[in-house]
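Results of the structural survey
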Amino acid sequence: MGRDAGGRPLRRREYDEEDVRVRPGKGSRPRTRRRPAHEDAVPAAVVAVDRGRYTCLVGTDLTGLPPDGAGPVAVTAMRARELGRKGIVVGDRVGLVGDTTGRADTLARIVRVEPRTSMLRRSADDTDEVERPIVANADQLVIVAALADPPPRPRMIDRILVAAFDADIEPLLCLTKADLAPPDDIIARYEPLGVPHLVVRRGGDLSELRARLDGRLSVLVGHSGVGKSTLVNALVPDAGRAVSQVNAVTGRGRHTSSSAVALELPGGGWIIDTPGVRSFGLGHVVIDNVLAAFPDLAEGAVHCPKGCTHRGDDCSLDEWVAKGNAAPLRLASLRRLLASREGAPDDAGEAAPDEVAENA
Ligand code: ZN
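Presented here is an overview of the structure given in this document. Only a predicted model underlies this, so the values are computations on that prediction, with no experimental measurement involved.

Here A136 shows up in strand β7 (residues 131-136). Residues A136 and R116 lie 20 residues apart in sequence; the distance between their C-alpha atoms is 6.4 Å. With residues near it in sequence (within four places) discarded, A136 still touches V89, V90, G91, D92, R116, S118, M119 and L217.

Here is the structure:
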């Protein structure tokens, strides 16, 4: 993937929820009439969302650039009515009006959401086409997976890779608990696909991970028990304090684990920690993007009949795999994922033949 002058990855396109539903009418929206009213809006970034209240930082856009002056000011805001139903998520760069001092009991209004460079989404399950935006503007998706206790779940990794591809975010596979089990099998599975990876031990050196996170906005995803919280606490020593500051600002008690939160890394860059997920629905991803996230198989699918579901007898992928071009496990993973989108039993939360110990 290319990079722009600032060293950030180039994107295929900009992301906006409105892309899907509203774009045809976009040219006729009274944008130019509305904008001047908020010319004085203060730029900020959303770092936490809790029941309609948005914690925004004025003085940073989460790119890792050092804030000027005294550092970012946390401001609680609500969405302006004029934004309609437009979703606002952690990572969004927004414009604020009203009281932006951040003093207790003040409330600003979000009047603008800047165009997004990426949007990580999931759906409740694979048959649900309603996408739920999770995180905006991340440029790296760190898939945290344990090598043991709990054992790795390649199909979950495959799923998150699909989401990364669909969101246009570079993946990074972070394999934890390497002191408990060797990483060779998992690396052998993903290295040929060009998925970058790194291996960490419990209590071990994190300098390679830190280097990969430096200056970027990375979102961390993984299911519970993989050691993601341990990583976050090691990367951001005062993560607990940062989160409690967010809570102090919203005044709504403990930050619930049901939403994402952005945390600044001491060495530069930001991470967005997401709650542990048990499943990662992909009902909103079009079939071509599911396949494209399996590059080892996508190449073989050029011989498929037009409109191939990749699950029928006429699919050329069986022959592609039989000839040794891709691993049978990968085709099985793709097909379970595609079947799940049509209502077959969920595959990410269930034990599979190659992961029987998963739920033990
Ligand atoms: Zn096919």
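Read on, since the account is not over.
Using the criterion set out here, one finds 16 salt bridges in the structure. The salt bridge partner of R112 is E114, with a shortest N-O separation of 3.1 Å. Its relative accessible area of 17% is what places R112 among the buried residues. Taken together, the salt bridges that share partners define one network made up of D139, E170 and R216.

On to helix α11 (residues 328-340). With 13 residues, α11 extends 18 Å from end C-alpha to end C-alpha; this agrees with the ideal 18 Å at 1.5 Å per step. Where the residues of α11 are buried, they touch α3 (154-167), α4 (184-190), α8 (287-292), α9 (295-298) and α10 (317-322).

Time to look at the coordination of the zinc ion. Surrounding the zinc ion are the protein donor atoms C304 (SG), C308 (SG), H310 (ND1) and C315 (SG), which sit 2.2 to 2.4 Å from the metal. Viewed at the metal, the four donor atoms of the zinc ion are separated by angles of 103 to 115 degrees, and the geometry they form is tetrahedral.

Quick look at the nonpolar core now. Core analysis: the largest hydrophobic core is formed by 75 residues, its most contacted members being L96, L120, F280 and L297. Counting residues per element, this core draws most heavily on α3, at eight residues. Contacts of L96, omitting those with residues within four sequence positions, involve D40, A41, V42, A44, C56, V58, V75, A77, A108, R109 and I110. L198, L209, L220 and L235 belong to the second largest nonpolar core, which has 20 residues in total.

Quick look at the environment of A301 now. With respect to the secondary-structure elements, A301 resides in the loop between α9 and α10. Look at A301 and you get buried, because its relative accessible area is 11%. In this structure, the C-alpha to C-alpha distance between A301 and L317, residues 16 residues apart in sequence, is 6.1 Å. Contact partners of A301, with chain neighbours within four places excluded, come to L291, H310, S316 and L317.

Reading the values: rules and limits
For every chain, the first residue of the written sequence is number 1, and numbering continues from 1 onward in sequence order. The predicted origin of the model limits local features to residues at a pLDDT of at least 70 and limits the giving and counting of side-chain atom pairs to 80 or more, whereas totals for whole chains, interfaces and linings rest on all residues. Each side-chain value is worked out from all heavy atoms of the structure, with water and hydrogens disregarded. For helices the rule is a DSSP run of H or I covering at least 4 residues; for strands it is a run of E covering at least 2, with both sets numbered from the N terminus onward. When checking whether two residues touch, look at their non-hydrogen atoms; a contact exists if any pair is within 4.5 Å. Put simply, a salt bridge is a Lys or Arg side-chain nitrogen that is within 4 Å of an Asp or Glu carboxyl oxygen. Only protein chains enter the calculation, and the probe is 1.4 Å; a residue is then buried if its accessible area is under 20% of its type maximum, exposed if over 50%, and partly exposed in between. Expected helix span is given by 1.5 Å per residue-to-residue step, counting one fewer step than there are residues. Here a donor is any nitrogen, oxygen or sulfur atom (N, O, S) within 2.8 Å of the metal, with 3.2 Å used for Na, K and Ca; water is not among the atoms considered, so some sites may look incomplete. Every angle between 85 and 135 degrees makes a four-donor site tetrahedral, while opposite donors more than 155 degrees apart, with all other angles between 65 and 115, make a four-donor site square planar and a six-donor site octahedral; other sites are irregular. What we call a nonpolar core is a set of buried Ala, Val, Leu, Ile, Met, Phe, Trp, Tyr and Cys residues that are connected through their side-chain atoms within 4.5 Å.

It is worth stressing that arrangement in space is one thing and function is another; only the former is reported here.
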